[in-house]
Amino acid sequence: MSQFLLLPTNVLPSYRHASPSGPWPWMDFSIIDFVTATAAATAATATTNDSHWQGYPQNLFGNWAPEQVERSQMLTRCSENCTLYCMDVLDDGSFISSPIRGDDDADMLANKSQDECWNIFQQTPENIQVRLLFVDDLTSYILKMLGTRYNIEPFFFTSSINWIPSRYQEALIHGKGDHITITLPFVRTSQSDHAASQSYRSHPTADNQIDTQEPLKICSMCIDLVIDLLAIHMVREIKTSTIIYYHPGSKLPSAKRLRGLMLLVGESVYWKNIFSKSKDPTFLLLAILWYALYTWDESFESLYKHVSKLESDVLTESRVEHTGELHILQAYLLHYESLLHGFQVSVSFIENTPNPGMESAGIYGGQRKVSNELMKKECENLVGEIDRLQKRREMLSNRLRNVMNLAFANVNIKDSASTRQVPLRSCFPKISYLTTIFLPASLVASVFGMNIKEINPGTLWTLVRYIEITIGLTLFTVYVVVTLQTHTFFHKPGARFWERAIWPILLIWKILNKGRMYAIPCVDMWEKHRRAGGVT
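Being a predicted model, the structure only gives us computed values, none of them experimental.

Trainee: Which residues make up the overall build of the protein chain, and what values do they have?
Mentor: Within the protein chain, the regular secondary structure consists of 15 helices and eight strands. Sequence separation of 24 or more characterises 74% of the internal contacts of the protein chain that already satisfy a separation of 6 or more. With the model as given, the accessible surface of the protein chain reaches about 29700 Å², and the carbon-plus-sulfur share is 59%.

Given below as structure tokens:
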């Protein structure tokens, strides 16, 4: 099922390795020899004089020893191919495809040698407010070029390649600029193979584990809900800012698609108005986050239809298989809750991390105030939409819980009905067989266990006394049981307790009266026969 994304499954993200705030990048205390690690860091620092891009990351970040780079898989998990598309936002606010190769829709790096690629990155754009680079996969040498050209912390690449959510600011210079990084997993829909969807049901794997990193197949609609990644590194500067969008390990193209969507942002009247009032390039980052919100909304629309169909199936015919499928959906919704929370935190991070370039002398106080108000408004709009998604997720989760309760109730009712259909008399022969087998042994054990003179000489009790006590206790037990019963053959309906207490007397009286009732008709018949026949 991981045919779409090279997402590591069944592995918890190593959040401690996702931010430069952590002083020990990709060092696990349980397996690291600190003496060796210190020596390696010293050796790496001594070789940082090489400023060529091939020395990245040690050429810029000497604390990243080769062992740490290897553990992070920053270079080993790179792809063999790289696709890069470019888009520019000019100083007048217009959006254009960058005509670096003469073909706006072409891959910038196609059929380019390493030196030619490096020369492309070295070009200094003019009259450009923001340059956006959309990258599908990365080769190791393109990764090193981008890291060297834009002075990118290796944490951006390690977080992206290992799918670790992160958000941080670094290289802050007041009045000039900074670097911000956001690595955000989100959920989107993808068309699924029809035949595979019909044959697949949402069940755990053979080891009964639910892997929420795997795509969730919506069989009723032939689509998959897959986890995708927004990995964005933004270099905010006064003159020309740069946004690098990196999409790792995807079998489906995303860079060209997002570049096309961002070009449409430039056609939006609403966003044109924002760009005309503010020179803050961070608004483009917010526009990219709207892409994730759209995909979340589409995913929940599909889930809503699927849950409605499951409700109908459970109401029509509840099966045990339904409970398993509903439980799996509930597990995915719980995972989506954490992803939406990360989405909301990322938007709040952007709102609380203003662009230091807006404090430069070229930005007037009035412009800065308008820009800050717009940023706060747009972030609130995005947070409000995320909150709506959270409420929708909660609604789906509650509906699933309700359907699960209904499915369990229906299954229990069916089990009870099937149990009642089994005749009780079919159980009696089995009990009789068991009694027949064990009763003789029980009787023999009881007899030989009696302390009477006939069996155990020297005791005080006799067989006659045993019979007397047994008969007396049996009769007393029968008397008590019949007396306490309110509905029985021995009592008339509605008999009071004192009437039930004298039931032996009443029983004898009934037997005697019944004999007289039979005797009197016999005497009358004999008298009639005698008179008719003249018998004296």
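Trainee: Can you explain empty space enclosed by the protein? Please cite residues and give values.
Mentor: Inspection of the entire model under this criterion finds two cavities of 30 Å³ or more. Here the second largest cavity is characterised by a volume of approximately 40 Å³. Taken together, Val89, Gln129, Val130, Phe275, Pro281 and Leu284 make up the full set of residues lining the second largest cavity. Considering only residue class, the lining of the second largest cavity consists of five nonpolar, one polar and no charged.

Trainee: Which residues make up the state of the cysteines, and what values go with them?
Mentor: Counted under the stated rule, the structure contains zero disulfides. Not part of a disulfide, Cys78 finds its nearest cysteine sulfur in Cys82, a span of 9.1 Å.

Trainee: Could you give an account of the pattern of salt bridges, with specific residues and numbers?
Mentor: Evaluation of the coordinates by the stated rule reveals 11 salt bridges. For Arg236, the salt bridge goes to Asp178, with nearest N and O atoms at 2.8 Å. Of this pair, Arg236 sits in strand S7 (residues 223-236) while Asp178 sits in strand S5 (residues 177-191), and the two are 58 residues apart along the sequence. A residue is classified by how much of its surface remains accessible, and Asp178, at 1% relative accessible area, is buried. In this structure, Asp228 engages Arg188 in a salt bridge whose closest nitrogen and oxygen atoms are separated by 2.4 Å. With Asp228 in strand S7 and Arg188 in strand S5, this residue pair connects regions lying 40 residues apart in the sequence. A residue is classified by how much of its surface remains accessible, and Asp228, at 0% relative accessible area, is buried. Here the residues in one salt-bridge network are Asp297, Glu385, Arg388 and Arg392, joined through shared partners.

Trainee: Now, about the side chain of Gln129: what can you tell me, with residues and values included?
Mentor: Relative to the assigned elements, Gln129 resides in strand S3 (residues 128-136). Excluding its chain neighbours within four sequence positions, the residues that come into contact with Gln129 are Val89, Leu90, Asp91, Lys239, Thr240, Ser241, Lys279 and Asp280.

Trainee: Report on the layout of surface pockets, specifying residues and quantitative values.
Mentor: Here the second largest pocket is characterised by a volume of approximately 350 Å³. Every residue lining the second largest pocket is counted, 13 residues in all, and those nearest its centre are Val265, Ala287, Trp290, Tyr291 and Tyr294. Among the secondary structure elements, those contributing two or more residues to the lining of the second largest pocket are helix H7 (255-265) and helix H9 (282-316). Class assignment of the residues belonging to the lining of the second largest pocket gives a composition of nine nonpolar, two polar and two charged.

Trainee: Help me get a handle on the packing of helix H8 (residues 269-277) against H9, residues and values and all.
Mentor: Following both chains from N to C, one finds H8 and H9 inclined at 160°, their axes separated by 11 Å at the closest point. Our classification of the angle between H8 and H9 gives roughly antiparallel. Between H8 and H9 lies a crossing of right-handed hand. Mapping the contact onto sequence places Trp271, Ile274 and Phe275 in H8 and Phe283, Leu284, Leu286, Ala287 and Trp290 in H9. Of the residues belonging to the contact of H8 with H9, the class tally is eight nonpolar, no polar and no charged.

Trainee: Tell me about the nonpolar core, residues and numbers included.
Mentor: Counting residues in hydrophobic clusters, the biggest one holds 106 residues, and the most contacted among them are Leu132, Met262, Trp296, Leu303 and Tyr336. Element by element, the count of residues in this core is highest for H9, at 16 residues. If sequence neighbours within four positions are ignored, Leu132 has contacts with Tyr85, Cys86, Met87, Asp88, Val89, Ile243, Met262, Leu284 and Ile288.

Trainee: Tell me about the packing of aromatic side chains, residues and numbers included.
Mentor: Aromatic ring pairs are reported here in terms of the distance separating the ring centres and the angle at which the planes meet. Taken as a whole and judged by the stated rule, the model has 16 aromatic pairs. Taken together, the ring pairs connect Tyr56, Phe61, Phe156, Phe157 and Tyr246 into an aromatic cluster. Looking at Arg149, its charged tip hangs above the ring of Tyr150, at a distance of 4.8 Å from the centre.

Trainee: Before we move on, can you summarise unusual backbone geometry with the specific residues and values?
Mentor: The omega torsion of the bond from Tyr56 to Pro57 falls at 5°, within 30 degrees of zero and hence cis. By secondary structure assignment, the location of Pro57 is in the loop between helix H1 (34-46) and helix H2 (66-72). Positive phi, normally seen in glycine, also occurs at Asn151, with a value near 55°. Looking at Asn151, the relative accessible area reads 37%, which means it is partly exposed.

Trainee: I'd like a rundown of the packing of helix H3 (residues 114-122) against helix H4 (residues 140-149), residues and numbers included.
Mentor: The interhelical angle for the contact between H3 and H4, taken along N-to-C directions, is 25°, at an axis separation of 10 Å. Classed by the angle they form, the pair H3 and H4 counts as roughly parallel. Remark: the crossing between H3 and H4 carries right-handed chirality. Of the residues in H4, those touching H3 at Gln114, Cys117, Trp118, Phe121 and Gln122 are Tyr141, Ile142, Met145, Leu146, Thr148 and Arg149. Residues belonging to the contact of H3 with H4 are distributed by class as follows: seven nonpolar, three polar and one charged.

Trainee: Outline H7, listing residues and values.
Mentor: Listed in full, the buried residues belonging to H7 are Ala255, Leu258, Arg259, Met262 and Val265. On an axial view of H7, the arc spanned by its buried residues comes to 105°, and they lie on one face. The secondary structure elements touched by the buried residues of H7 are strand S1 (83-90), strand S2 (95-97), S3, strand S8 (241-247), H8 and H9.

Rules behind the numbers
Residues numbered from 1 in each chain as written. Predicted model: local features only at pLDDT ≥ 70, side-chain atom pairs only at ≥ 80, totals over all residues. Heavy atoms only, no water. Helix = DSSP H or I, 4+ residues; strand = E, 2+ residues; numbered from the N terminus. Contact = heavy atoms within 4.5 Å. Areas by Shrake-Rupley, 256 points an atom, 1.4 Å probe, with all protein chains shown as cover. 1 Å grid on protein atoms, 1.4 Å probe; cavity = no way out; pocket = protein on both sides within 12 Å on 5 of 7 lines; lining within 4 Å. Points joined across faces, edges and corners; volume = space filled by probe spheres on them. Nonpolar A, V, L, I, M, F, W, Y, C, P; charged D, E, K, R; others polar. Disulfide = S-S within 2.5 Å. Salt bridge = Lys/Arg side-chain N within 4 Å of Asp/Glu carboxyl O. Buried < 20%, exposed > 50% of the residue type's maximum accessible area, 1.4 Å probe, protein only. Axes fitted to C-alpha atoms, helices over the stretch in contact; angles between N-to-C directions. Parallel < 35°, antiparallel > 145°, perpendicular 65-115°, else oblique. Left-handed = near helix turned anticlockwise from the far one by under 90°. Core = buried A, V, L, I, M, F, W, Y, C linked by side-chain atoms within 4.5 Å. Phe/Tyr/Trp six-rings, centres within 6.5 Å; stacked < 30°, edge-to-face > 60°. Lys NZ or Arg CZ within 6 Å of the ring centre and 35° of its normal. Arc of directions from axis to C-beta.

These results come straight from atomic positions and should not be treated as a statement about function.
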